[in-house]
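# Report on the structure
These are the residues of each chain, in order.
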Amino acid sequence: MKSFNPPSRTLMGPGPSDVHPRILNAMAKTTIGHLDPAFIDMMDEIKEMLQYAYMTENALTMPISAPGSAGMEACFVNLVEPGDKVIVCINGVFGSRMKENVTRIGGQAIIIEDDWGAPVSPQKLEQCLTENPDTKIVAFVHAETSTGALSDAKLLCEIANKHNCLTIVDAVTSLVGSELRVDDWGIDAIYSGSQKCLSAMPGLSPVSFSEKAVHKISNRKTPVTSWFLDLNLVMGYWGKGSKRAYHHTAPVNTLYGLHESLVMLCEEGLENSWDRHQQNHQLLRDGLSELGISYLVEKSSRLPQLNSVFIPEGANDDEIRTTLLNDYNMEIGAGLGNLAGKIWRIGLMGYTSRKENIELCLTALKKTL
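Since this is a predicted model, take the numbers as computed values, not measurements. (Residues numbered from 1 in each chain as written. Predicted model: local features only at pLDDT ≥ 70, side-chain atom pairs only at ≥ 80, totals over all residues. Heavy atoms only, no water.)

### A word on the overall build of the chain
When its secondary structure is counted, the chain shows 13 helices and 14 strands. Taken over C-alpha atoms, the radius of gyration comes to 21 Å for the chain, in line with the 21 Å a tight globule of 369 residues would show. Expressed as lengths along the three principal axes of its C-alpha atoms, the size of the chain is roughly 60 × 55 × 40 Å. Within the chain, the proportion of its 369 residues that are buried is 57%. Looking at the chain alone, contacts between residues at least 24 apart form 72% of all its contacts between residues at least 6 apart. Within the structure as shown, the chain displays about 15900 Å² of accessible surface, and the carbon and sulfur contribution to it stands at 50%. Counting 33 positive and 43 negative side-chain charges, the chain places the averaged centre of each group 2 Å from the other. (Helix = DSSP H or I, 4+ residues; strand = E, 2+ residues; numbered from the N terminus. Rg over C-alpha atoms; globule rule 2.2 N^0.38 Å. Buried < 20%, exposed > 50% of the residue type's maximum accessible area, 1.4 Å probe, protein only. Contact = heavy atoms within 4.5 Å. Areas by Shrake-Rupley, 256 points an atom, 1.4 Å probe, with all protein chains shown as cover. Lys, Arg positive; Asp, Glu negative; His and termini not counted. Charge placed at Lys NZ, Arg CZ, Asp CG, Glu CD.)

Structure follows, in structure tokens:
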């Protein structure tokens, strides 16, 4: 056995994205204890910068020490109790995972379905809430990673709030890549991943909970069924002050990397990050159009950071992606579910979202096709 030396790749799939050298350098710094006063000071800075990224003043804003799927489970396992009626909007793979969480907890999942590639329908949500006035929670995916579709989170939350429901929102792919305003839009619980538009390493899930959500967590009739993800316990570690209750050994160096990625976000500016992703999406779109490659999602609902495009007729999905990987060291994503073999998912997230990567992608596709 020898030390592992990974090949140098350009990651233009649905995640992870390329990690900036500054973040890799930050992760290589000396490890200190997870209760060290210096580390606790850094934790406070991470919380403050995550509040900026989410555009929220929620006190309970922090990274879960696990990937985005654990952030999802943290939201559901803390807010859903057995018997609770939860409307789950499904327009792709990750809405289906929300439903799985509700069912496993013992909640009653009411499903709203939209076509893969379409956004969540506000009209269907309004009708479903009218038909189910005892609904406690509405859950939906803001940016569906399996299709590249962006839903109107602001409008969906307005409808849910009008019916006195809490909201759980998947922002794994949208955070800092698309406009997202937790407080202004009335989002109660939200989760993301460090490996997408934050362009940090995989393994952390930033979450944020409103005061209404915290009130429900603190006044549950039944215990949270997960010990590790019970926010009543985690809050003691990610709380305030110099003294923290030991909960788990945090991934110290990984959090160094998240801290650096958030420092870089503050340097660029959140709205500038949104604009960069949109401008680079337009460059990629124009180039793909010249190659005769069309989009799955309608223009008004396309994610700039995740471009789902139809595979050209006659092109072999596996052969093309393998050639891109072997000859150009570039990764693009395959379709999932019923879109497997029909689409590619081309990511422009975080540090990956650069003009030179777009040029590489277009050149490689043109020559390979």
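Continuing now.
### Digging into helix α6 (residues 153–162)
Of all the residues in α6, the buried ones are Ala153, Leu156, Cys157, Ile159 and Ala160. Buried residues in α6, looked at end-on, bunch into an arc of 160°, giving them a common side. Packed against the buried residues of α6 are α5 (122–131), β5 (137–141), β8 (166–170) and α7 (182–185). Looking one or two places after α6, you find Asn164, whose phi comes out positive at around 60°. (Arc of directions from axis to C-beta.)

### Some remarks on the pairing of β5
Summarising burial for β5: five of the five residues are buried, a large majority. Every second residue of β5 is oriented toward a common face, with Ile137, Ala139 and Val141 on one face and Val138 and Phe140 on the other, all of them buried. Of the pairings in the sheet, the one linking strand β3 (residues 85–90) to β5 comprises three bridges and is parallel in character. The partner of Ile87 across the bridge, within β5, is Val138. (Pairing = 2+ DSSP bridges.)

### Considerations on the sheet that holds strand β13 (residues 333–334)
Overall, antiparallel pairing links the three strands, which are arranged β11-β14-β13 in an open sheet. Two strands in the sheet have a free side with no partner beyond their single neighbour: β11 (306–310) and β13.

### Overview of the environment of Leu270
With respect to the secondary-structure elements, Leu270 resides in helix α11 (residues 270–290). Judged by relative accessible area, which is 2%, Leu270 ranks as buried. The spacing of Leu270 and Ser151 is 119 residues in sequence and 20 Å in space, taken between C-alpha atoms. With residues near it in sequence (within four places) discarded, Leu270 still touches Tyr52, Ala53, Met55, Val176 and Leu265.

Read these as geometric descriptors, not functional statements.
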